[in-house]
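Letter by letter, the chains look like this.
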Amino acid sequence: MSDTSSIRADEHFNGLIKQQLERIERMKLDSDWVDYNKVKPVIVGILGGDGIGPFISAEAQLVLETLLKEEVAAGKIEFRVIEGLTIENRAKAGKAIPDDVLAELKQCHVTLKGPTTTPRKGDPWPNVESANVAMRKELELFANVRPVKVPSEGIDWVFFRENTEGAYALGSNGVNVSDDLAIDFTVTTKQGSERIIRLAFEYAKKNNIDKVTIVTKANVVKTTDGKFLDIGYRIAKEYPEINCDDWYIDIMTAKLIDPNRRTQFKVMVLPNLYGDILTDEAAEFQGGVGTAGSANIGKKYAMFEAIHGSAPRMVDEGRAKYADPASMIRAAGMLMRHIGFEARARKLEMALDICGQYEKKLTITGRDTGATGREYAEYVLATVVEAGLQSRWEGYQ
Ligand code: IPM
Ligand code: MG
């Protein structure tokens, strides 16, 4: 290896340290949580995304517009469709989020976002950063909250995945020191860890949940995961009524499939990459990633999305209208709850459970052998307004 490549890598690393220290200073300026009751109108941005994204987002938009009709009429809520977060535009701009789209995004209080294609090496697209990852960082959406429920199995989990740091903070800023040596970086900050861990504990407290589990690989990834774990136990002391334990990610992944163990887990808080992996596994119990919604929450902005990808193959094969919109509709429910419509969000969730897990009058197969996304959205909406929704739902539990 030549001296120049080593010097170049050194400079690169120094630049990254500087960038991260500046980020910490920004985190220290920490704003207060937005009070949506005081905002009028609450602006809800709809971003279609790529592949099946625009199709399933349109169904979620229909559900939101129907359930929030009165508020829209009263000027309390405004919907804005934001075009342009497509892979074609991102490739053209050479950016994860084109500037005009980012400016529009910042005008919205909350957004509902369809899946976006994440380019990787070897794709026909330039290898720009994932739009999800960029949005989470740009808007300080530090908490990725992913609930998974299977009442019949006693599964009731909420994952608090750290969303701006870990392996993702510099995921597009690794360094190819030489032909032989590639290095990536993992970042843990005190501020970044405290805010996600505290949110997990606050959630548990508010919902009378008596257990929070911290998941790391601190026995091996000693510095960054070690810090996350230490901060976790320090914060746990502020919540004596909540039991706190910790697991390593490998055994945690195994224990999620152990029916005798998995029901003991309730709230889990974990660094970014482990959260990414574990939540896909967890969603599988509920019927797959197509059924799970995800909330990306910050103090100023929030974004709600499906946890799966854009399935371009479905579009190529002309099957996009048969894509399952359940994940996006679940995300829409989380959005409603976040901006203060708890009761309506609850109804929507019950309807989604009834339609997807119990009654199953329509099934989605992803092809013309099943219902279309529109038919499914209408089925869910019809179930929301049915008399006795709550008791029907309880009957299934
Ligand atoms: C998710 C996705 C994203 C992630 C991808 C699309 C970048 O897998 O939201 O879990 O890794 O965070
Ligand atoms: Mg993922």
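Rules of the game
Residues numbered from 1 in each chain as written. Chains lettered and ligands numbered in written order. Predicted model: local features only at pLDDT ≥ 70, side-chain atom pairs only at ≥ 80, totals over all residues. Heavy atoms only, no water. Domains from an automatic or database assignment. Contact = heavy atoms within 4.5 Å. Buried area = accessible area lost by both parts, 1.4 Å probe. Salt bridge = Lys/Arg side-chain N within 4 Å of Asp/Glu carboxyl O. Polar contact = N/O pair within 3.5 Å; in protein donor to acceptor, adjacent residues only side chain to side chain. Nonpolar A, V, L, I, M, F, W, Y, C, P; charged D, E, K, R; others polar. Helix = DSSP H or I, 4+ residues; strand = E, 2+ residues; numbered from the N terminus. Expected span 1.5 Å × (residues − 1). Buried < 20%, exposed > 50% of the residue type's maximum accessible area, 1.4 Å probe, protein only.

(A) Expanded view of the domain arrangement of the chain. Annotation of the chain at the domain level lists domain 1 (1-27 + 165-284) and domain 2 (31-141 + 298-397). Each side of the interface is counted separately: domain 1 has nine residues, and domain 2 has six residues. Both sides of the domain 1 and domain 2 interface together cover about 610 Å² of buried area, and 50% of this is carbon and sulfur. Inspection of the domain 1/domain 2 interface yields one salt bridge. Residue glutamate 140 is joined to arginine 195 by a salt bridge in which the shortest nitrogen-to-oxygen separation is 3.0 Å. Counting every contact that joins domain 1 to domain 2 gives three residue pairs in polar contact (both at pLDDT 80 or more). Its residues assigned to classes, the side of domain 1 that touches domain 2 comprises five nonpolar, two polar and two charged.

(B) Summary view of helix H10 (residues 272-285). Compared with an ideal rise of 1.5 Å per residue, which puts 14 residues at 20 Å, H10 spans 21 Å between its outermost C-alpha atoms and is within 8% of the ideal. Burial in H10 covers these residues: Asn272, Tyr274, Gly275, Leu278, Thr279, Glu281, Ala282 and Ala283. For H10, the secondary structure elements touched by its buried residues are strand S4 (143-150), strand S5 (155-162), strand S8 (211-216), helix H8 (224-236), helix H9 (249-255) and strand S10 (267-270). Where H10 terminates, the next one or two residues include glycine 287, which has phi positive at roughly 120°.

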